[in-house]
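Residue-level structure breakdown
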Amino acid sequence: MSQNPGAAAGILRRTVAALPPHRGPQIEEDFKSTAGGLRRMSLNESAEPPSPKVAAAVAAAVTNVNRYPDPKARALAAAISDRTEIPVERIVFGNGSHELIMLMGTAYMEAGSRIVVPNPSFQPYQTAARIAGAELTIVPVDADGANDVDAMLAACWPAPRMVIAATPNNPTGALLSQAALEKLIAGVPAETLLVVDEAYFEFGRLAGGPDVLKALKARKGPWLVLRTFSKAYNLAGLRVGYALASHEELIEGINRVRGVFNVNRLAQAAALAALSDEPYAKASQKRTAAERDRLAVGLKAMGLSPMPSAANFVCVKTPKPASEVVPALAGKGIMIVPVGGPPYENHIRITLGTPEDTDAVLAALKQVI
Ligand SMILES: Cc1ncc(COP(=O)(O)O)c(C=O)c1O
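These lines cover the structure that appears in this document, whether it is placed above or below. (Residues numbered from 1 in each chain as written. Predicted model: local features only at pLDDT ≥ 70, side-chain atom pairs only at ≥ 80, totals over all residues. Heavy atoms only, no water.)

Details of the sheet that holds strand β12 (residues 347–351)
Rules: Pairing between strands requires that DSSP locate at least two bridges from one strand to the other. Working definition: helices are DSSP H or I runs of at least four residues, strands are E runs of at least two. Numbering for both runs from the N terminus. Two residues form a contact once any of their heavy atoms are found within 4.5 Å. Here an axis means a line fitted to C-alpha atoms, over the contact stretch when the element is a helix, while the angle between two N-to-C directions is reported on a 0 to 180 degree scale.
The antiparallel open sheet is built from three strands, whose spatial order is β9-β12-β11. Edge positions in the open sheet fall to β9 (313–317) and β11 (337–338), since each of these has one partner strand only. Taken together, the five bridges between β9 and β12 define a ladder with antiparallel strand orientation. Within β12, the residue paired with V316 across the bridge is I348. On top of the sheet, helix α12 (residues 278–301) reaches β9 and β12; it is set at about 15 degrees to β9, its chief contact.

Considerations on the packing of helix α3 (residues 74–84) against helix α11 (residues 265–276)
Heads up, the condition is: Any angle from 65 to 115 degrees is called roughly perpendicular, while one under 35 is roughly parallel, one over 145 is roughly antiparallel, and all others are oblique. Crossing handedness follows the turn of the near helix against the far one: under a right angle anticlockwise gives a left-handed crossing, and clockwise gives a right-handed one. Amino acids are sorted into nonpolar (Ala, Val, Leu, Ile, Met, Phe, Trp, Tyr, Cys and Pro), charged (Asp, Glu, Lys and Arg) and polar (every other residue, Gly among them).
Following both chains from N to C, one finds α3 and α11 inclined at 30 degrees, their axes separated by 9 Å at the closest point. When the interaxial angle is binned, α3 and α11 end up roughly parallel. Pair α3 / α11 crosses with left-handed handedness. Where α3 approaches α11, its residues A75, L76, A79, I80 and R83 are matched on the opposing element by Q268, A271, L272, L275 and S276. Along the lines of polarity and charge, the residues of the contact of α3 with α11 split into seven nonpolar, two polar and one charged.

Brief notes about a nonpolar patch on the surface
The cut-off we apply is this: Put simply, a patch holds well-exposed residues, over 30% relative accessible area, that have no salt bridge, with like charges counted together within 9 Å and Val, Leu, Ile, Met, Phe, Trp or Tyr side chains within 5 Å. Residue exposure ignores everything except the shown protein chains as possible cover, and the areas themselves are Shrake-Rupley values with a 1.4 Å probe. Whenever a carboxyl oxygen of Asp or Glu lies within 4 Å of a side-chain nitrogen of Lys or Arg, that contact is scored as a salt bridge. Buried residues are those whose accessible area, probed at 1.4 Å on protein chains only, stays under 20% of the maximum for their type, while exposed residues exceed 50% and partly exposed ones sit between those limits.
A contiguous nonpolar surface patch, about 340 Å² in accessible area, is contributed by Y68, V260 and F261. With respect to the element layout, F261 can be found in the loop between α10 (248–257) and α11. The exposure class assigned to F261 is partly exposed, which follows from its relative accessible area of 35%.

Quick word on the site of the ligand
Defined as follows: Being near a molecule or strand, for a residue, means having at least one of its heavy atoms within 4 Å of it. As used in this structure description, the phrase polar contact means that two N or O atoms lie within 3.5 Å; if the pair is within protein, one of them must be able to donate a hydrogen and the other to accept it, and residues adjacent in sequence are counted only when both atoms belong to side chains.
Near the ligand lie 13 residues; those nearest to it are S97, D197, Y200, T228 and S230. Here an oxygen atom of the ligand and a side-chain polar atom of Y200 are 2.6 Å apart. Protein contacts shield 93% of the accessible area of the ligand, which totals 400 Å² for the unbound molecule. The class makeup of the residues in the shell around the ligand is four nonpolar, six polar and three charged.

None of this, on its own, says anything about what the molecule does.
Here it is, written out as structure tokens:
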């Protein structure tokens, strides 16, 4: 408890005071029922450990943690540049791509600017805009859970400061088709920053999704792509995300507002090692995709209709409200999350895990619904 409740009222920035109360993601420690352990299928992370090369690289890097890390993550930037053909001057790293979203808010958004976002989608887009005092235009996703490009483009007049798209989208899992992507890129006004969040990029490509970066290279106006090592490279605990931008000025904006040493030494070494072991990452991604397909088959056998997912999670509507299903599953040792907000009161999101996790969530869900 505060020492003197109420004494700090009025200290918070006005836009921060207006935000909903902070809850944050729940982890095992937040649950009382731990009988038999908990399966964490709630945070869209990987259930598999990182490559052994990551462990070796982190062990080697730890001997130097008395020194601050490279503020530009030069070695990592060069490796990403090699793979994307984006010059290092147009790449910046964050403490997870979540941090980059918040930094985008500080660098690019302000009162009087308007930001177009899909919904439901990754909530920090809205949080960053609200903190900046920007105006939000929230565009519902389509029936399959994909960003509704026609509706987003209809919201682009007058030209907004920024349009944020996510493919695959979280929490629904759907990809943008090649045609929808091209329409978005051509239709977003040239003076608007088009951000494409590709946190699940590697899974999306594995599922046959479009090459977003290639399509964006044809765009005249500014663009930014967000990616992360948290999902397909099994490094969520080390927090490394990156942005690829059309123009150096966009990276300069982020650099002016970020903490100079925001990505630590161990994280940089780990990300570089993870990239160097592509066969390991690919095999891990394929196992996850196989569980996604198995989970979808199991859900369909139960009479449910999972949304088409190209990511490491599956979204599904259940006959009961998620506010009942989520705690009931937690009681059975399985952590998942509700989607929430109309019309998604009955939708849940299940992060994929091991084959045993898939079997366990299907068995528990069968009992609960
Ligand atoms: C769409 C999307 N973007 C960004 C992130 C942030 O990932 P991280 O901060 O771990 O890079 C997530 C995490 O779940 C996400 O789903």
